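Reading the structure
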Amino acid sequence: MRKGTHRRVAVGSRSVLSLTLLAATVISVCAKPAAAQSLNWEGQTGVFVTPLAYSVPSSDKGFSMPVVAYHYLDAGQVLGGFHQISITMGALNCLEFGYTRDLHQDGSTAGLSNLWDSGFNVFHGKFNFLKERRSWRPALSLGFVARTQIRNVGGVIQNKNYSNADFYLVATKTVTQIRSLPLVFNMGFKATNASLLGLVGNAPAYQGRLFGAAAFALKGPGRSTILFGSEVLQEPRRVQALPSVTVPTTITYAVRIVPAGALPLHGWGVESPKLTIDLGVAQAAGNVAPGINLQARHQFALGVSYGF
């Protein structure tokens, strides 16, 4: 065998070995206990607008059944209404991926409402590389969100479609040491060029933003569990094509109802039926520039998730 051929074979063998080791590592990390499966606004396992480090439960060697969700935000007479339809699946008990379609209902404010288009696509994926333990160790995950066909605000002004994305690291911990009062804490960092999850189009460039959430769970009527929580989601301050506009931090206040009572009072991932109902108030955007009030400061939001 010629030397060049031998070198190519050796390099190829090393590549195959590297891929094999990578696959084995992913499978070994993934083969851990299941977690929760309530979907957020963009279809991720999460709260209302932020992702959790948990992933949709699946077997150690296969895929889960799909989890579907519907979310609605009454964003007021300027922005209109936003409807989100999501489908998400898990794999290898530590991966999740899915698709969400944003559908927009026009607002009624002349001169502003026409800056919002009919809707856009959202694709997402998450890798839960460190599982939570009953000690103080949290779950850790890496994830991404990719949005396409966005014409909101800058896209309407420029008469073209845009795309944007988030890349994030998130840590989540459910604390059960306090008797009858489980606590959930969530903290993450993301790089994003989206303005308000794409609902206000694009930011001029990628920025690092923080997000977090905290909640506590109480036993409700019958077998149900009720979670009360709040989220904070930093936004890029500027909007593409509108340099004078300033976007504030998004805050939500939410109540999650789990009729089967499994989240998290009786153990993550054992809901039957796998149903959650979210009710919330979103504090999104008011006065964003002199003379421009988006009137979306205390808006009603609804979410329903169901796992097959």
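Below is a short write-up of the structure. In this text the structure is predicted, and so the values were computed from the model without any measurement.

Next up on the list: empty space enclosed by the protein. Tallied over the entire structure, the rule returns 5 cavities of 30 Å³ or more. In this model, the second largest cavity occupies a volume close to 160 Å³. Considering the residues around the second largest cavity, the lining is formed by 15 residues, among which Val-49, Leu-73, Leu-199, Thr-250 and Ala-282 are closest to the centre. Looking at the lining of the second largest cavity, the elements with two or more residues in it are strand 10 (250-258) and strand 11 (274-283).

Right, let's talk about the packing of aromatic side chains for a bit. The description of an aromatic ring pair uses the distance of the two centres, along with the angle that the planes make with each other. Enumeration over the complete set of coordinates arrives at 7 aromatic pairs. Plain terms: the ring middles of Phe-63 and Phe-97 are 6.2 Å apart, the flat faces sit at 85° to each other, and that makes the pair edge-to-face. In this pair, Phe-63 is assigned in the loop between helix 1 (3-30) and strand 1 (67-74) and Phe-97 in strand 3 (residues 95-105), connecting sequence segments 34 residues apart. We classify Phe-63 as exposed; its relative accessible area is 60%. Consider the rings of Phe-127 and Phe-129, whose centres lie 6.2 Å apart with planes at 50°: the pair is tilted.

Quick look at the pattern of salt bridges now. If you walk through the whole model with that rule in mind, you get 6 salt bridges. Two residues, Glu-42 and Arg-147, come together in a salt bridge whose shortest N-O distance is 2.7 Å. Taken together, the residues Glu-42 in the loop between helix 1 and strand 1 and Arg-147 in strand 5 (residues 139-150) connect sequence positions 105 residues apart. By relative accessible area, which is 3% here, Glu-42 ends up buried. In this structure, a network of salt bridges that share partners links the residues Glu-42, Arg-147, Asp-166 and Lys-190.

Analysis parameters
Residues numbered from 1 in each chain as written. Predicted model: local features only at pLDDT ≥ 70, side-chain atom pairs only at ≥ 80, totals over all residues. Heavy atoms only, no water. 1 Å grid on protein atoms, 1.4 Å probe; cavity = no way out; pocket = protein on both sides within 12 Å on 5 of 7 lines; lining within 4 Å. Points joined across faces, edges and corners; volume = space filled by probe spheres on them. Helix = DSSP H or I, 4+ residues; strand = E, 2+ residues; numbered from the N terminus. Phe/Tyr/Trp six-rings, centres within 6.5 Å; stacked < 30°, edge-to-face > 60°. Buried < 20%, exposed > 50% of the residue type's maximum accessible area, 1.4 Å probe, protein only. Salt bridge = Lys/Arg side-chain N within 4 Å of Asp/Glu carboxyl O.

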